[in-house]
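# Coordinate inspection notes
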Amino acid sequence: MSDPTNTDGNDVRGEHTCRFEREVIPLTKDLYRSAFAYTRNAADAEDLVQETLLRAYRAFETLSGEYRLKAWLLSIMRNTWISRYRASLRRPAESLVGDLTDGHLNGGAGSPDTYSAEDLVLANMPDPQLVAALVTLPESLRLTLYYVAVQGLSCHEAATAMGIPKGTVMSRMYRSRHQLRRILGAHPPISRAV
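Now for a look at the structure at hand. (Residues numbered from 1 in each chain as written. Predicted model: local features only at pLDDT ≥ 70, side-chain atom pairs only at ≥ 80, totals over all residues. Heavy atoms only, no water.)

### Some details on unusual backbone geometry
- Positive phi is not limited to glycine here, since Arg-40 has a value of about 60 degrees.
- When you line up the elements, Arg-40 lands in the loop between α2 (28-39) and α3 (42-60).
- Judged by relative accessible area, which is 27%, Arg-40 ranks as partly exposed. (Helix = DSSP H or I, 4+ residues; strand = E, 2+ residues; numbered from the N terminus. Buried < 20%, exposed > 50% of the residue type's maximum accessible area, 1.4 Å probe, protein only.)

Set out below in structure tokens:
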């Protein structure tokens, strides 16, 4: 039996690793789905999940008391993705000659590589009227609606993941639902007789 006060920290590290595996590893499928929504590429999504888990592992022992693990992990992922995205903006674009399409040669815009995660989710929705209504919403309302309605996060978890107050999430959810009802005609405007 090893000494818990061992100077190399093997027991503490092993305990930390076991706790991390027990609590975080079951959430990797959810993390992968979110990563794929960000990257739109399976290999990049796997890389993003791996980097998220690495960063989470390094900071895992600092968590104490009550914490929302999934929201914390999604927040790490979002920040990691933003950092990667900003770094990619500073790099010149790389493409193989074989990857060029007629759209690239003609300077065409709107290739699938330029769609946002929200646009991809909306494109896979079955009702075209709903898709058209969602597209008219501002990005902040669409993103909030995505986290709460599609990902199933609570308002508190969505607030943590987005880095905004819980009240803002609740307000955005109210406004997005109200605007969708108005756009879809669930509550047609009352006409006044003259």
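### Describing the pattern of salt bridges
- On inspection of all chains with the given rule, the structure shows five salt bridges.
- As a salt-bridge pair, Glu-23 and Arg-19 come within 3.4 Å of each other at their nearest N and O atoms. Residue Glu-23 and its partner Arg-19 are both found in helix α1 (residues 10-23); the two are separated by four residues, about one turn of the helix.
- Residue class for Arg-19 comes out partly exposed when judged on its relative accessible area of 23%.
- Members of the salt-bridge network, linked through shared partners, are Asp-30, Arg-33 and Lys-70. (Salt bridge = Lys/Arg side-chain N within 4 Å of Asp/Glu carboxyl O.)

### Remarks on the packing of α2 against α3
- At a closest axis distance of 8 Å, the pairing of α2 and α3 adopts a crossing angle of 125 degrees. Between α2 and α3, the angle is such that the two are oblique. You can see that α2 and α3 cross each other, and the crossing is right-handed. Counted together, Thr-28, Leu-31, Tyr-32, Ala-35, Phe-36, Tyr-38 and Thr-39 of α2 and Ala-42, Asp-44, Ala-45, Glu-46, Leu-48, Val-49 and Leu-53 of α3 form the full contact between these two elements.
- Here the residues of the contact of α2 with α3 are counted per class, giving 10 nonpolar, two polar and two charged. (Axes fitted to C-alpha atoms, helices over the stretch in contact; angles between N-to-C directions. Parallel < 35°, antiparallel > 145°, perpendicular 65-115°, else oblique. Left-handed = near helix turned anticlockwise from the far one by under 90°. Contact = heavy atoms within 4.5 Å. Nonpolar A, V, L, I, M, F, W, Y, C, P; charged D, E, K, R; others polar.)

### A look at the packing of aromatic side chains
- Evaluation of the coordinates by the stated rule reveals seven aromatic pairs.
- For the pair Phe-20 and Phe-60, a centre-to-centre distance of 5.3 Å together with 85 degrees between the ring planes defines the contact as edge-to-face. Of this pair, Phe-20 sits in helix α1 while Phe-60 sits in helix α3, and the two are 40 residues apart along the sequence. The same class applies to Phe-20 as to Phe-60, namely buried.
- Summarising the aromatic geometry, the rings of Tyr-146 and Tyr-147 are spaced 5.8 Å apart at their centres and angled 55 degrees between planes, so their arrangement reads as tilted.
- Owing to a relative accessible area of 4%, Tyr-147 belongs among the buried residues under this scheme.
- The structure contains a cluster of three or more aromatic residues connected by ring pairs, namely Phe-20, Tyr-57, Phe-60 and Trp-72. (Phe/Tyr/Trp six-rings, centres within 6.5 Å; stacked < 30°, edge-to-face > 60°.)

By themselves, these are just geometric observations and shouldn't be taken as functional.
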